[in-house]
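Report on the structure
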Amino acid sequence: MSTRLDVVPAVGVEASAFTPVPRRRFRARGRVTNVLLGCAGLLSVALVAQFLAPLGIVREQDLPPTTVIMAALAGLLGESTMWMAVYDTIYVWAIGLAVASVAGVVVGILLGSIEPLRRATSSTVEFLRPIPSVALVPLVVLVFGPRYESALVLVIYAAFWQVLVQTVYGVADVDPVVADTARSYRFSRWGVMRYVIWPTALPFVMTGIRLAATVALVLTVTAQLIIGTPGLGQSIAQAESGGANARMYALVLITGLLGLAVNIVVRLVEKRVLAWHMSFRKDASE
Amino acid sequence: MLEVTHMQKIYRTADTSFEALRDVHFTVAPGEFVCLVGPSGSGKTTLLKCMAGLMKPSAGSVRVADKAVSGPPEGLALVFQEYGRSLFPWLRIAENVELPLKELRLPKKERLARVAEALAHVGLENSARSYPWQLSGGMQQRVAIARAIAYRPDVLLMDEPFAAVDAQTRAELEDLVRTIWRDLKITTLFVTHDIDEAVYLAERVIVLSSTPTIVQREMIVDLPAERDQLSTRSLPRFSELRHDLYAEIQKAKTHSALTITA
């Protein structure tokens, strides 16, 4: 009875269409070791970066020593313009992700539950989905100019497919026995949606949103870098063109930290929403 | 209460056709407890799905409480063999039992009363707030039974409900179903492949042939209404009925509509 539910959501940035990758299972003991190993890895990178320039392996303007970057980072944390850029980035990211998630879920449930509709649209989806969002930059600049709407469209486009594909897959995962149970008790259309399809699809939807959250952040920063809409991406571009390389590296670190924060938040939400589901799998695996 | 009239079911694909049911014809009177027995592959599941309105027969009809069945009928509850998959894993026990009542749009007060009563009937008052996966298989099937009786159906259809539980749990659940039937007087049709179970539970046993399926024989089980795992099973009459039924099933394994009508 566990076989259907323990192969649910996918991990990794690129899940191929309609095929979820099995999720990694975390064990409490492994987690502590993981954190230690992770810290050790970060420290070694910082250490190597510290000595690359002094040893003459790279030029100092290409990769300043870690301490210099850290000093620039400390300086940035006191600048209100930097916090403004963080705010702009989160703003575009959050709105883009929210719109893409709602649209992806609604369209996904429609396509997933109406078979002819799914067959009619699957080739279109497979054609549009692989188009890199960045390829749409000229188009959005033409339509919106260097305004935040441009970034928003790119973010929504990229994040939408992640949620859509996972939702369609989740809807298809309804257990036939559960479906027959609901039918034999004469559940209404809405009842089937609310009590059967939605809870079944939810783990997949959450996976889709988690993947979409990462992609959305990538696209937010990319759009700001290329189009020059306000945000961390724009700040990085400005620092680079002004030759402030330590500052540029510090800004890159900040976007990295932001990505980390996004991942942690989405995982926490996922864990809360799927409490019944996680426990179910734990129970089944022991 | 339940009438199956000359039902035929043929599965067709582009170039093949398979006749699962040839001519199945029987009735179950109000308040009766009937067991449907047949060798494996005798179209029991097909028949059940047609009765429950989950599948359309190719010919013939079903009536539940004097209404023709076209989709899943009102007043019919189904208990599946796969209890683990039939319950909603994201809902607590009480919520699982309550959900069909919500869909019936009953007022909250009545829903809660029915849920409490049904859980008491199956002895699960204390597990109302657990999740299905926290319970043993036998307890999960009790939840499915509670869900069915809280629905207050005219007809209770059970599809080999105890095929996947251990022998002791099975005996307990058999007594439970018998007790519920006597207390609530729900017309019950119980599908099984287990001969002992059929004789122990039923007032009447309907034996199906192998495919293409017809009703091969009907047997009245004239055992005392009060049944007990030990004394009932050691009655000479129990052995006789069991013997007859066994012989009939052996015959059914080689017989089908083709050989019987020929």
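Procedures and definitions
- Residues numbered from 1 in each chain as written.
- Chains lettered and ligands numbered in written order.
- Predicted model: local features only at pLDDT ≥ 70, side-chain atom pairs only at ≥ 80, totals over all residues.
- Helix = DSSP H or I, 4+ residues; strand = E, 2+ residues; numbered from the N terminus.
- Rg over C-alpha atoms; globule rule 2.2 N^0.38 Å.
- Buried ≥ 20, exposed ≤ 12 C-beta atoms within 10 Å, placed from the backbone.
- Contact = placed C-beta atoms within 7 Å.
- Nonpolar A, V, L, I, M, F, W, Y, C, P; charged D, E, K, R; others polar.
- UniProt positions renumbered as here; feature names shortened; annotations may be inferred.
- Axes fitted to C-alpha atoms, helices over the stretch in contact; angles between N-to-C directions.
- Left-handed = near helix turned anticlockwise from the far one by under 90°.
- Pairing = 2+ DSSP bridges.
- Core = buried A, V, L, I, M, F, W, Y, C linked by C-beta atoms within 7 Å.
- Domains from an automatic or database assignment.
- Expected span 1.5 Å × (residues − 1).
- Arc of directions from axis to C-beta.

Brief notes about the overall build of chain B
- In terms of regular secondary structure, chain B is built from nine helices and ten strands.
- Relative to its length of 262 residues, chain B is compact, with a C-alpha radius of gyration of 19 Å against a globular reference of 18 Å.
- Each of the three principal axes of chain B carries a C-alpha extent, and together these read 60 × 50 × 30 Å.
- A burial count over chain B gives 47% of its 262 residues as buried.
- Within chain B, counting contacts between residues at least 6 apart in sequence, those at least 24 apart form 71% of the total.

Overview of the interface of chain A and chain B
- Taken together, the contact pairs 19 residues of chain A with 19 residues of chain B.
- If you list the elements that add at least two residues to the side of chain A that touches chain B, you get α7 (176-184), α8 (189-227) and α11 (275-285) of chain A.
- With six residues, the top contributor of residues to the side of chain A that touches chain B is α7 of chain A.
- Looking at the side of chain A that touches chain B, its residues break down into ten nonpolar, four polar and five charged.

Considerations on the UniProt feature "domain: ABC transporter" (unreviewed entry) in chain B
- Within this structure's numbering, the places UniProt gives as "domain: ABC transporter" (unreviewed entry) are residues 5-235 of chain B.
- When the span residues 5-235 of chain B is considered, its composition is 33% helix and 26% strand, and the gap between its end C-alpha atoms is 35 Å.

Quick look at the packing of helix α5 (residues 137-144) of chain A against helix α6 (residues 148-172) of chain A
All names here are of chain A.
- One can describe the packing of α5 onto α6 by two numbers: an axis separation of 9 Å at closest approach and a directional angle of 145°. Considering the relative orientation of α5 and α6, their crossing is right-handed. Touching Val140, Val141 and Phe144 of α5 are Glu149, Ser150, Val153 and Leu154, all from α6.
- Taken together, the residues that form the contact of α5 with α6 break down as five nonpolar, one polar and one charged.

Overview of the environment of Asp175 of chain A
Residue and element names in this part refer to chain A.
- Secondary-structure assignment places Asp175 in the loop between α6 and α7.
- For Asp175, a count of 19 C-beta atoms within 10 Å corresponds to the partly exposed category.
- Sequence separation between Asp175 and Leu142 is 33 residues, and the spatial gap between their C-alpha atoms is 47 Å.

Re the UniProt feature "domain: ABC transmembrane type-1" (unreviewed entry) in chain A
- In the numbering adopted here, UniProt assigns the feature "domain: ABC transmembrane type-1" (unreviewed entry) to residues 86-270 of chain A.
- Helix makes up 86% of residues 86-270 of chain A and strand makes up 0%, while its end C-alpha atoms are separated by 24 Å.

Structural notes on unusual backbone geometry
All names here are of chain B.
- Between Thr211 and the following residue, Pro212, the backbone shows a cis peptide bond with an omega angle of -10°.
- Along the chain, Pro212 falls in the loop between β9 (204-208) and β10 (213-220).
- The backbone phi angle of Arg152 is positive, close to 50°, even though this residue is not glycine.
- With respect to the helices and strands, the residue Arg152 is situated in the loop between α5 (137-150) and β7 (155-159).

Topic: the sheet that holds strand β3 (residues 33-37) of chain B
Residue and element names in this part refer to chain B.
- With respect to topology, ten strands assemble into an open sheet ordered β5-β4-β1-β2-β10-β9-β3-β8-β7-β6, the strand pairing being mixed. Only two strands of the sheet have a single neighbouring strand rather than two, namely β5 (67-68) and β6 (76-79).
- Relative to strand β2 (residues 17-28), strand β1 (residues 2-12) runs antiparallel, the two being bridged by eight bridges. Bridge pairing in β2 places Val4 opposite Phe26.

So, the UniProt feature "transmembrane region" (unreviewed entry) in chain A
All names here are of chain A.
- Those places that UniProt annotates as "transmembrane region" (unreviewed entry) correspond, in this numbering, to residues 32-53, 90-114, 126-145, 151-174, 195-228 and 248-269.
- Strand forms 0% of residues 90-114 and helix 96%; the C-alpha atoms that close the span are 35 Å apart.
- Helix makes up 92% of residues 151-174 and strand 0%, with an end-to-end C-alpha separation of 36 Å.

Notes on the nonpolar core
- Ranked by size, the top nonpolar core spans 138 residues in total, and within it Val155, Ala159 and Ala216 of chain A carry the most contacts.
- Of all the elements, α8 of chain A adds the most residues to this core, at 19 residues.
- Two domains each provide a minimum of three residues to this core, namely domain 1 (2-75 + 155-261) and domain 2 (83-152) of chain B.
- When neighbours within four sequence positions are excluded, Val155 of chain A is seen to be in contact with Val92, Trp93, Gly96, Ala216, Leu219 and Thr220 of chain A.

Some remarks on helix α8 (residues 236-254) of chain B
Residue and element names in this part refer to chain B.
- Taking 1.5 Å of rise per residue, 19 residues should cover 27 Å, and α8 covers 28 Å from first to last C-alpha, within 8% of that figure.
- Along α8, the residues classified as buried are Leu241, Leu245, Ile249 and Ala252. Each buried residue of α8 sits inside an arc of 70° when the element is viewed along its axis, so together they form one side. The exposed residues of α8 that point more than 90 degrees off its buried face are Pro236, Ser239, Glu240, His243, Ala247, Gln250 and Thr254.
- The secondary structure elements touched by the buried residues of α8 are β3, α7 (195-201), β9 and β10.

Some words on the domain arrangement of chain B
Residue and element names in this part refer to chain B.
- According to the domain assignment, chain B contains domain 1 (2-75 + 155-261) and domain 2 (83-152).
- The interface of domain 1 with domain 2 comprises twelve residues on the first partner and seven residues on the second.
- Taken together, the residues that form the side of domain 1 that touches domain 2 break down as ten nonpolar, one polar and one charged.

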